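Structural features, examined
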Amino acid sequence: MEFRFDNVEEALEKCWELVRTGQADLFRGQTRDWPKLIPSLFRSTGVDRQNASIELGLFKEWGANVPQMAIYDGNDGALTAVAQHYGISTSFLDVTTNPEIAVLFSKTPQERELCGESVVYCFLGDTIRLLSNANIVKIDVKNLWRLESQRGLFIEFLDEGLAETLRNLSIRIYFPAAHLCSEENDRLYPVRKSALEIAIDQWVYRRQIESAIENFSGAIKYNSLTHRQTYPGIFRWRKVPEFGPSWFGFERGWVVPPIESVSLVAAHSIVTLPVVDLKDPVKAKVSMYQAVSDAVRTHKASGRLISFSVKLSTKNAKRETSVSKLINRCWDGIRVLPYQEDELVNCISLVAILSLARAERIRGVDNWPEQLFGPLKLIETAPIGGHIEAGVVSRADFQRAQSEENYSNLTRYARRKIDMVDGFLGDYATDPWISLDFSRFRKIYVEQFIPTAIDSYWKEDLKSFGGRLECMWSISFNPALLGYLTPFEYRFRSPVAAEIDCDQIIYIEPDMDRSDLEELFISCMPGITGGGAPYILRFNGYNADSREVWQIPRVVEQARWIVEVGGISVLEVFPSAMPKIESNRVVPPSGLGAFEVWMISMKKLEEINGKTIEEIRPIFDEFMSTELPISNANIETRATSCEDWPG
């Protein structure tokens with residue numbers, strides 16, 4: 001059944017008539033009619049469909065493991081529905097219970113596309129529920145403001161045959177294409193975002209970046225998209241401290257966002273920030289602080305949502321909307337977290353003056369953080385499942401935020417290096433709870449890192465898009481749920497930076513002595529005795545030496561110590577003779593094994609280099625039958641005799 005009308009208003013009235021007469025209660029608007037109603041997953045075939053299914057699986061895996069998505073308790077249907085709503089291909093088709101929303105979706109934001117007919121498909125839910133190849137999925141929309149605004153739910157396709165059936169069951173209402181104005185667009189896609197939506201945006205952004213450069217990733221040595229790992233080898237028994245709520249004082253608000261309705265947006269209070277003198281950043285921040293402080297105090301007392309608004313000079317007035325959105329985006333990110341009131345005020349005040357100064361083209365803004373904080377430290381972070389972002393903090397404040405809570409868990413070598421080398425721990429321990437005091441770190445994160453990260457975003461957006469906020473957003477507001485935190489130098493200085501997985505790697509540094517090596521290797525024993533995979537060894541720190549590694553006297557000396565303490569027993573036997581096969585190609589060994597280290601210790605590695613295992617069979621058999629069993633007994637005795645042996 002179908003109807004045609006001359007305008008949108010008449011079409012909408014017909015939809016409401018169908019609701020009143022019990023003929024329809026689900027609606028879907030489209031800018032044009034198609035022969036079949038097909039969900040996005042079924043519009044692809046072959047490899048494209050397979051890749052879409054993989055993408056959906058990645059989202060579900062992320063959604064089932066991040067605290068912000070705990071409301072869905074890993075429910076597959078709910079996670080699929082959220083994925084569909086965020087543009088990931090699924091077997092779900094979006095519908096709404098509100099005809100007005102369907103009509104808005106049938107409109108186009110591009111006036112040049114105003115040709116032909118739009119359509120609203122009208123369904124009766126009870127009829128669809130009788131179909132054997134369809135399910136109606138309705139999820140809890142708490143904290144999903146966009147889905148709540150759209151009164152959204154979904155029809156799940158259990159097979160592709162539903163596409164034609166569904167269209168035949170629909171009542172189709174046609175009308176001339178109409179323009180979607182900005183106010184209508186904001187109704188479909190609220191400008192403000194909930195805490196949960198901000199978290200989902202992080203994941204979506206990361207995947208967009210990964211997809212954009214996946215063809216080049218093989219050539220990138222320092223891959224900023226890979227999760228930056230903590231190296232277990234700096235810890236006694238390679239036991240990395242685990243993340244737990246004690247780090248952030250068991251404050252539930254850091255991991256479970258409050259439940260909020262999109263109705264907050266409609267009942268917001270507008271706060272127009274004052275025009276301040278932007279010549280001096282210190283004075284500008286003080287002036288802004290008072291206005292923001294009053295607004296935040298009122299928000300805390302009333303619970304009403306604040307909408308910050310700014311005024312710019314006439315020549316730059318076109319950027320007022322973007323600056324206001326930028327400040328509100330920050331406010332929405334931090335206001336739901338249990339920051340102290342003063343921390344919230346300092347954050348918004350600095351975001352405001354930096355954003356205003358760049359919009360007004362004030363000279364020297366790049367130097368403002370140093371004028372406000374003193375000497376700076378550039379750090380890089382990423383939320384769990386999100387993409388990397390950089391910002392600056394006070395070097396002195398960051399140093400004061402360091403914690404010694406896990407100091408006793410480190411190896412003697414790591415403790416010695418921390419005492420001698422500034423920033424050593426940051427090159428190997430990327431999990432912030434290992435090295436930082438949360439209360440001190442939280443303060444510099446919200447008051448310094450977030451504002452300067454937003455400033456970098458705004459600077460780039462002004463340069464690339466004229467301040468239209470079209471750069472992709474990746475800033476995380478929650479210091480308790482960071483996937484990693486590293487100094488900027490990490491990507492160039494840390495040996496771990498280039499690793500996909502460092503769990504089975506042992507790094508040997510030039511300044512490690514015999515006792516350091518003994519502790520390093522006996523710390524591998526719990527993994528070996530527990531049935532874990534053997535390790536591979538890398539001599540690190542010799543890049544500037546033009547000699548082959550086995551020709552370096554210090555390497556030979558350390559190899560001899562490793563053999564003496566039985567360290568070769570925890571290594572793969574001969575990785576260079578047994579390369580791995582991945583995707584039908586030979587992957588060269590990424591480190592040395594027990595046999596190679598033994599040969600280096602005797603200065604004989606060059607004799608076997610490039611030869612097959614059959615060509616060196618006599619000496620290899622000697623190693624396997626004599627040297628390796630002796631080493632096994634040696635290191636086992638050393639490990640089990642330790643007072644803190646965990647085996």
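For the structure itself, consult the block above.
Residues numbered from 1 in each chain as written. Predicted model: local features only at pLDDT ≥ 70, side-chain atom pairs only at ≥ 80, totals over all residues. Heavy atoms only, no water.

1. What to know about the environment of Arg-468
Following the sequence through the fold, Arg-468 ends up in the loop between helix H18 (438-465) and strand S12 (482-487). In terms of polar contacts, Arg-468 uses its side chain to reach the side chain of Glu-470, at 2.9 Å. (Helix = DSSP H or I, 4+ residues; strand = E, 2+ residues; numbered from the N terminus. Polar contact = N/O pair within 3.5 Å; in protein donor to acceptor, adjacent residues only side chain to side chain.)

2. A short note on the packing of helix H2 (residues 46-63) against helix H3 (residues 76-85)
The interhelical angle for the contact between H2 and H3, taken along N-to-C directions, is 120°, at an axis separation of 10 Å. Pair H2 / H3 crosses with right-handed handedness. Contacts between H2 and H3 involve Leu-56, Phe-59, Lys-60 and Gly-63 on the former and, on the latter, Asp-76, Leu-79, Thr-80, Val-82 and Ala-83. When its residues are assigned to classes, the contact of H2 with H3 shows 5 nonpolar, 2 polar and 2 charged. (Axes fitted to C-alpha atoms, helices over the stretch in contact; angles between N-to-C directions. Left-handed = near helix turned anticlockwise from the far one by under 90°. Contact = heavy atoms within 4.5 Å. Nonpolar A, V, L, I, M, F, W, Y, C, P; charged D, E, K, R; others polar.)

3. Some points on helix H20 (residues 514-522)
Where H20 is concerned, the buried positions are Asp-516, Leu-517, Glu-519, Leu-520, Phe-521 and Ile-522. Along its buried surface, H20 packs onto helix H16 (412-420), strand S13 (505-508), helix H21 (525-529), strand S14 (536-539), helix H22 (553-564) and helix H25 (617-640). (Buried < 20%, exposed > 50% of the residue type's maximum accessible area, 1.4 Å probe, protein only.)

4. Looking at the sheet that holds strand S10 (residues 376-383)
Taken in spatial order, the 3 strands line up as S11-S10-S12 in an open sheet, and their pairing is antiparallel. The open sheet has two edge strands, strand S11 (389-394) and S12, and neither has a second partner. This sheet shows a mean twist of 30° between the axes of neighbouring strands, independent of strand direction. Two elements, S10 and S12, share 5 bridges in a ladder whose sense is antiparallel. Paired with Thr-381 across the two strands is Leu-485, which belongs to S12. This element, H18, spans S10, S11 and S12 of the sheet and lies at about 120° to S11. (Pairing = 2+ DSSP bridges.)

5. What about the nonpolar core?
Of all hydrophobic cores here, the largest spans 130 residues; its most connected members are Ile-334, Ile-450, Phe-477, Ile-506 and Phe-521. When residues no more than four places from it in sequence are discounted, the contact partners of Ile-450 are Cys-330, Ile-334, Tyr-339, Cys-347, Tyr-445, Ser-476 and Phe-477. Trp-62, Tyr-72, Val-82 and Val-137 belong to the second largest nonpolar core, which has 23 residues in total. (Core = buried A, V, L, I, M, F, W, Y, C linked by side-chain atoms within 4.5 Å.)

6. Considerations on the pairing of strand S4 (residues 117-123)
Among the 7 residues of S4, 6 are classified as buried, and the element is accordingly described as predominantly covered. One ladder, built from 5 bridges, connects strand S2 (residues 26-30) with S4; its direction is antiparallel. Along S4, the bridge assignment pairs Phe-27 with Cys-122. Both S4 and strand S7 (residues 171-176) contribute to a ladder of 6 bridges, which runs antiparallel. Following the sheet pairing, Ser-118 is matched in S7 by Phe-175.

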